[in-house]
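Coordinate inspection notes
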There are 2 protein chains.
Amino acid sequence: MPDTHPFRSGCPISTTLDILGDRWSMLILRDMAFEGATSFSAFAAAEEKIATNILSDRLARLAAHGLIAAEKDPIDGRRTRYRLTEKGWDYVPVLLEIILWAAKHEDTLSPPPVVAAIRADRAGFLARLRDARAAGAPGLRG
Amino acid sequence: MPDTHPFRSGCPISTTLDILGDRWSMLILRDMAFEGATSFSAFAAAEEKIATNILSDRLARLAAHGLIAAEKDPIDGRRTRYRLTEKGWDYVPVLLEIILWAAKHEDTLSPPPVVAAIRADRAGFLARLRDARAAGAPGLRG
């Protein structure tokens, strides 16, 4: 492998999995897009119970790869807030396809109206999701 | 977590990642869909160099979850052939979205005509991919 390429192969799928192929990175993106999570404590509160050292590592990794941005909280400057970048939002269609697959094939708690809305119009669903996060609306878990 | 649910949460994304959230499972599906790989030795030959014990484990796991089927080779009954099931093919749209994301944001070797074809018509691309595999056509790597 040439030194100029830090990934295991030139394959786009393999490269992407090198960046965020572990479950925790994907769940952090999920919590940002669907739940409006913006803080370390919000990610740590996810029911899958990510360990805090792994959470720190994955947030740094996602920021290093430009999928999320870390910024000072405008109200409390000692806190860090995280937000999805354009590159991060561009990954959300992958999560939408995963939701559709799981809704069809596995026994999950996907809300049927959400699944129907994604299936009917992925781009429209994504646009509404971005609007909801920009407006600070509560997430699917409320 | 109730005993009746074997996954870490009822979230469709988390459930899917419990099943195939590791990079190797996704690369096996890639090699089946895009390269027409059907044998243990073909998966083992991928340039990402999967260890054979991990490969055995992941093939068994994908078969247990019904994404792939293992069958006796019709020509040489001592060999096993693997094929994507409907459930496995239904996961390929996730891979297509990953390819589009990587083509936009990372430096990969995605063939531009493939990326353009996926972007223009995901469903049509998927149908042509299935036809190519059913016909035993050579994969993207030839």
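Just so we're clear, the structure is a prediction, and the values are computed from it rather than from any experiment.

Here's the deal with the overall build of chain A
Scanning chain A from N- to C-terminus turns up 8 helices and 2 strands. Listing the helices and strands of chain A from first to last along the sequence gives α-α-α-α-β-β-α-α-α-α. On C-alpha atoms alone, chain A measures out to a radius of gyration of 16 Å, which is about the 14 Å that the 2.2 N^0.38 rule sets for 142 residues. Projected onto the principal axes, the alpha-carbon positions of chain A cover approximately 45 × 40 × 25 Å. A total of 142 residues make up chain A; the buried ones form 35% of that total. Considering only intrachain contacts with a sequence separation of at least 6, the fraction spanning at least 24 residues in chain A is 46%.

Examining the interface of chain A and chain B
The parts lose accessible area when they come together, and the size of an interface is often stated as this lost area. Taken together, the contact pairs 35 residues of chain A with 35 residues of chain B. For the side of chain A that touches chain B, the elements supplying multiple residues, two or more each, are helix 1 (12-20), helix 2 (23-35) and helix 6 (92-105) of chain A. Of all the elements, helix 6 of chain A adds the most residues to the side of chain A that touches chain B, at 11 residues. Residues that form the side of chain A that touches chain B fall into these classes: 16 nonpolar, 9 polar and 10 charged.

Some words on the environment of L109 of chain A
Its place among the elements puts L109 of chain A in the loop between helix 6 and helix 7 (112-120). Along the backbone, L109 of chain A and E35 of chain A are 74 residues apart, and their C-alpha atoms lie at a distance of 15 Å.

Describing unusual backbone geometry
When glycine is set aside, most residues are seen to have a negative phi, and most peptide bonds are trans. With a phi angle near 60°, K49 of chain A is a residue other than glycine that sits in the positive phi range. Topologically, K49 of chain A is positioned in the loop between helix 3 (40-44) and helix 4 (52-64).

What about the relation of the copies chain A and chain B?
Note on the identical chains: chain A maps onto chain B by a rotation of 180° and an axial translation of 0.0 Å, with an RMSD of 0.0 Å. The two molecules are tied by a two-fold rotation axis, judged by turn and shift. Residue V94 of chain A, judged by its C-alpha, is the member of chain A lying nearest the rotation axis, at 2.8 Å. A share of 100% of the interface residues of chain A reappears at the interface of chain B, consistent with the copies meeting face to face through the same patch.

Quick look at helix 4 (residues 52-64) of chain B
End to end, helix 4 of chain B covers 18 Å across 13 residues, agreeing with the expected 18 Å (1.5 Å per residue, within 8%). A positive phi of about 80° marks G66 of chain B, the residue just after helix 4 of chain B.

A word on the nonpolar core
Counting residues in hydrophobic clusters, the biggest one holds 64 residues, and the most contacted among them are L95 of chain A together with L95 of chain B. Mapped onto this core, the elements with two or more residues apiece are helix 1, helix 2, strand 2 (80-84) and helix 6 of chain A together with helix 1 (12-20), helix 2 (23-35), strand 2 (80-84) and helix 6 (92-105) of chain B. Aside from chain neighbours lying at most four places away, what touches L95 of chain B is I13 of chain A together with L29, R30 and A33 of chain B.

Focus on the packing of helix 2 of chain A against helix 1 of chain B
Helix 1 of chain B packs onto helix 2 of chain A with a crossing angle of 170° between their chain directions and a minimal axis gap of 10 Å. By the angle class used here, helix 2 of chain A and helix 1 of chain B are roughly antiparallel. Along the contact surface, helix 2 of chain A presents R23, M26, L27 and R30 of chain A, while helix 1 of chain B presents I13, S14 and L17 of chain B. Partitioning the contact of helix 2 of chain A with helix 1 of chain B into residue classes produces 4 nonpolar, 1 polar and 2 charged.

Cut-offs and rules
- Residues numbered from 1 in each chain as written.
- Chains lettered and ligands numbered in written order.
- Predicted model: local features only at pLDDT ≥ 70, side-chain atom pairs only at ≥ 80, totals over all residues.
- Helix = DSSP H or I, 4+ residues; strand = E, 2+ residues; numbered from the N terminus.
- Rg over C-alpha atoms; globule rule 2.2 N^0.38 Å.
- Buried ≥ 20, exposed ≤ 12 C-beta atoms within 10 Å, placed from the backbone.
- Contact = placed C-beta atoms within 7 Å.
- Nonpolar A, V, L, I, M, F, W, Y, C, P; charged D, E, K, R; others polar.
- Least-squares fit on C-alpha atoms with pLDDT ≥ 70 in both.
- Expected span 1.5 Å × (residues − 1).
- Core = buried A, V, L, I, M, F, W, Y, C linked by C-beta atoms within 7 Å.
- Axes fitted to C-alpha atoms, helices over the stretch in contact; angles between N-to-C directions.
- Parallel < 35°, antiparallel > 145°, perpendicular 65-115°, else oblique.

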